[in-house]
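Structural overview for review
Each chain, written out:
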Amino acid sequence: KPQLLIDTDPGVDDALAILMAYAHADIAGLSIAAGNVGLAHTVRNARTLVDLAGAATPVFAGCAAPLVRAADEDAAFVHGQDGFGDIGFAEPAAALADEPAALALLRLTRERPGELTLVALGPLTNLALALRLDPGLPERVARLVVMGGAVTGHGNTGKVPAEFNIGFDPEAAHVVFEAFPAFDLVDWEATLRHAFDDAEFDGWLAAGDRRADFFGKIMGAARRYNAKHDRRGVIAADALAMAVALDPSIVTRRETRAVAVELDGRLTRGATVVDWSARLGRPAQANIVLEVDQARFAAMVRRALGVPG
Ligand code: BDR
Ligand code: CA
């Protein structure tokens, strides 16, 4: 079974990714970032997921703001004001650990060197802070999988070529991209190519168990937003990254390239600049996931929602 450490800002698609992780792996900890919505909400949402899973996973609160500059935008307009579709869930019972996320990332990877796959599903603030405290972190993780970026400039933020997780904290992404000699990058554009058909997804929601009921509720706001903006299908960026983390053999097409983050730029701050033609003379550190086996991805999601068979 894969052993995961998940850094996340839940978030609707983060929730699906975490349900997938519970169904297919062991989770050593959830370290929480601000991103989709503020930290108080993302921490609470993570605890709600721990309750739903009936697990005892430690939840570590991380950075409430980006490393350097305040973010221009959050994603409450997609995920709901509380990040979970504004359903009004009761206060979760799961505890919040008394250790900052960056320190927990360092401690857990020291306790289990080489064992944990780090899965980053939100802005990279906690990881960057951990790296500044201890640059030895990359040597202690089995793999890093990042959901982030828009590799040909088709972003999803107000800075057109920037994807949300990178655009929220570009300096943090820069620190992480410079520090890790190799990582898997699952970008927004790959996500759009791997959306699920709406009717098919509704069938899974109807056939699944309480996890499907829960997910059907929290995704309502995002679905309404997508319908209004003519986005078809169920887009689940973090779920795709989680599929790659859980089973790297699901990847059917990839390109390994140097990727840097634009830190300035009037219109381009937060863009991921991919050195497609190897002009920068930098080591190619990012395994860019271009395509996965959609049927296997779907099977992982169905199992996470408790769909029989
Ligand atoms: C990413 O941004 C967030 O809104 C999602 O949870 C995902 O991690 C997609 O750009
Ligand atoms: Ca996320």
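Not measured: the values here are computed from a predicted model.

1. What about the site of ligand 1?
Around ligand 1, 15 residues are found, and the nearest of them are Gly11, Asp13, Ala75, Phe164 and Ala237. Residue composition of the shell around ligand 1, by class: six nonpolar, five polar and four charged.

2. A few points about the packing of helix H1 (residues 12–24) against helix H13 (residues 237–246)
Their axes nearest at 7 Å, the elements H1 and H13 cross at an angle of 25 degrees. By the criterion of interaxial angle, the relationship of H1 to H13 is roughly parallel. At the point where H1 passes H13, the crossing takes the right-handed sense. Of H13, the residues touching H1 (which contributes Asp13, Asp14, Leu16, Ala17, Met20, Ala21 and His24) are Ala237, Asp238, Ala239, Ala241, Met242, Ala243 and Leu246.

3. Some points on the sheet that holds strand E6 (residues 183–186)
Strand order in the open sheet formed by eight strands is E3-E2-E1-E4-E5-E6-E10-E7, with mixed pairing between adjacent strands. A single partner strand is all that each edge strand has here, and the edge strands are strand E3 (59–61) and strand E7 (251–257). The mean angle between the axes of side-by-side strands here comes to 25 degrees, regardless of whether they run parallel or antiparallel. The sheet contact formed by strand E1 (residues 3–8) and strand E4 (residues 117–120) spans four bridges and is parallel.

What counts, and at which threshold
Each chain has its residues counted from 1, following the order in which its sequence is written. Ligands are numbered from 1 and chains lettered from A, in the order in which they are written. Local features in this predicted model are restricted to residues of pLDDT 70 or higher, and side-chain atom pairs are both shown and tallied only at a pLDDT of 80 or more, whereas totals for entire chains, interfaces and linings draw on every residue. Here, nearness is defined through the C-beta atom: a residue counts as near a molecule or strand if that backbone-placed atom lies within 6 Å of it. Residues are grouped as follows: Ala, Val, Leu, Ile, Met, Phe, Trp, Tyr, Cys and Pro are nonpolar; Asp, Glu, Lys and Arg are charged; all remaining types, including Gly, are polar. Only the contacting stretch of a helix is used when fitting its axis, a line to C-alpha atoms as for every element, and angles between N-to-C directions run 0 to 180 degrees. Helix numbering and strand numbering both begin at the N terminus, where a helix is a DSSP run of H or I of at least 4 residues and a strand a DSSP run of E of at least 2. In these notes the angle categories are as follows: under 35 degrees is roughly parallel, over 145 is roughly antiparallel, 65 to 115 is roughly perpendicular, and the rest is oblique. By the definition used in this description, the sense in which the near helix is turned from the far one sets the handedness, with an anticlockwise turn below a right angle giving left-handed and a clockwise turn giving right-handed. We call two residues in contact when the distance between their C-beta atoms, placed using the backbone, is within 7 Å. A pair of strands is labelled paired if DSSP reports no fewer than 2 bridges between them.

Treat this as a map of the structure, not an account of what it does.
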